[in-house]
Amino acid sequence: MKTEKTSKNAAYTGLFAAVAASSCCIPSAIALIAGVGGSASALSWMEPFRPYLIGLAIVAIGYAWYNYLKPKKAEDCCDLDAKPKWYQTKGFLIGITLFAAISISFPYYAHIFYPNNKKEVVIINQSDIQTVNFDVQGMTCAGCEESIKHAVNELDGIVSVIPSYEKENTEVKFDKTKISKEDIEKAINGTGYKVINQ
């Protein structure tokens, strides 16, 4: 009985750790789908803990599988005839394992939840086009890049937006007669990430 409870707790711990490992991206995608924004970087502080959370998820779910698959002892023979509880079933463990894998890999496919909102911009005078490189603090993955790209492309006069979490910057090409650098900075800051040194 104690092993069953430990196995159940291990499965839930693994699931929680897997979701926490991608907590920088999951809330911003949910906010976008729900139609609210501004909190994309709220949990980006957890990014340095991502490898440890992934390790915890793997160990905890592995332990739950070990408890499920290990041979039963002779004194547990009476328990074999009883119908297992839902959290003791193979289906439960498969579900937890799949959900954890999907959660851990979320930053690598988060961009598919962001609709393409790039507009066709007609450039009348090439001298009106300006390129500004914003140093942006708080981006940790491709999902963060998409959040900024989506927010800036909502503005009028944007020609291109190239965010990079690795370089911690966002390059924006825009028509200065239609939008100002300050408006772009406000849009980036509105996602929850912070423009620095501007």
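This is a predicted model, so every value here is computed, not measured.

Rules behind the numbers
- Residues numbered from 1 in each chain as written.
- Predicted model: local features only at pLDDT ≥ 70, side-chain atom pairs only at ≥ 80, totals over all residues.
- Heavy atoms only, no water.
- Axes fitted to C-alpha atoms, helices over the stretch in contact; angles between N-to-C directions.
- Helix = DSSP H or I, 4+ residues; strand = E, 2+ residues; numbered from the N terminus.
- Parallel < 35°, antiparallel > 145°, perpendicular 65-115°, else oblique.
- Left-handed = near helix turned anticlockwise from the far one by under 90°.
- Contact = heavy atoms within 4.5 Å.
- Nonpolar A, V, L, I, M, F, W, Y, C, P; charged D, E, K, R; others polar.
- Patch = residues over 30% accessible without salt bridge, like charges linked within 9 Å, V, L, I, M, F, W, Y side chains within 5 Å.
- Areas by Shrake-Rupley, 256 points an atom, 1.4 Å probe, with all protein chains shown as cover.
- Salt bridge = Lys/Arg side-chain N within 4 Å of Asp/Glu carboxyl O.
- Core = buried A, V, L, I, M, F, W, Y, C linked by side-chain atoms within 4.5 Å.
- Buried < 20%, exposed > 50% of the residue type's maximum accessible area, 1.4 Å probe, protein only.
- Pairing = 2+ DSSP bridges.

*Asks:* Got a minute to help me understand the packing of helix α3 (residues 50-69) against helix α5 (residues 90-104) in this structure?
*Replies:* Relative placement of two packed helices is described by the angle separating their axes and the distance separating the axes. Two elements in contact, α3 and α5, have axes separated by 11 Å at closest approach and are oriented at 165°. Between α3 and α5, the interaxial angle falls into the category roughly antiparallel. Between α3 and α5 lies a crossing whose hand is left-handed. From α3, Arg50, Ile54, Ala57, Ile61, Ala64, Trp65 and Tyr68 reach across to α5, where they touch Lys90, Leu93, Ile94, Ile96, Thr97, Ala100 and Ile104. Taken together, the residues that form the contact of α3 with α5 break down as eleven nonpolar, one polar and two charged.

*Asks:* Quick question: what am I supposed to make of a nonpolar patch on the surface here?
*Replies:* A surface patch of nonpolar side chains, about 270 Å² in accessible area, is lined by Ile94, Leu98 and Ile102. Relative to the helices and strands, Leu98 resides in helix α5.

*Asks:* I would appreciate a short explanation of the nonpolar core in the present structure.
*Replies:* Soluble globular proteins tend to bury their nonpolar side chains together. Membership of the largest hydrophobic core comes to 22 residues, with the highest contact counts inside it found for Phe134, Val152, Ile158, Val172, Ile184 and Ile188. If you list the elements that add at least two residues to this core, you get β1 (129-137), α7 (142-153), β2 (158-164), β3 (169-175) and α8 (181-190). Not counting residues up to four positions away in its chain, the partners in contact with Val172 are Gln130, Thr131, Val132, Phe134, Val152, Ile158, Ser160, Val161 and Ile184. Core analysis: the second largest hydrophobic core is formed by 19 residues, Leu15, Ala18, Ala64 and Ile104 among them.

*Asks:* Looking at this structure, how should I read unusual backbone geometry?
*Replies:* Positioned with a positive phi, Glu168 is a non-glycine residue whose angle comes to about 55°. Here Glu168 lies in the loop between β2 and β3. Accessibility expressed as a relative area gives 48% for Glu168, which makes it partly exposed.

*Asks:* Please explain the environment of Ile112 as it appears in this structure.
*Replies:* One can find Ile112 in the loop between α6 (106-109) and β1. By relative accessible area, which is 58% here, Ile112 ends up exposed. Placed 34 residues apart in sequence, Ile112 and Glu146 show a C-alpha to C-alpha distance of 9.1 Å.

*Asks:* Please explain the sheet that holds β3 as it appears in this structure.
*Replies:* Strand pairs in the sheet, formed through backbone hydrogen bonds, run parallel or antiparallel to each other. Taken together, four strands build an open sheet; the order of strands is β2-β3-β1-β4 and the sheet is antiparallel. Either end of the sheet is taken by a strand with one partner, and the two such strands are β2 and β4 (194-196). Averaged over all adjacent pairs, the angle separating strand axes in this sheet is 35°, with direction ignored. Here three bridges tie β1 to β4, and the two strands are oriented antiparallel to one another. Each bridged residue has a counterpart across the sheet, and for Asp135 the counterpart in β4 is Ile196. Where α7 meets the sheet, it contacts β1, β2 and β3, and its direction lies at approximately 165° from that of β2.

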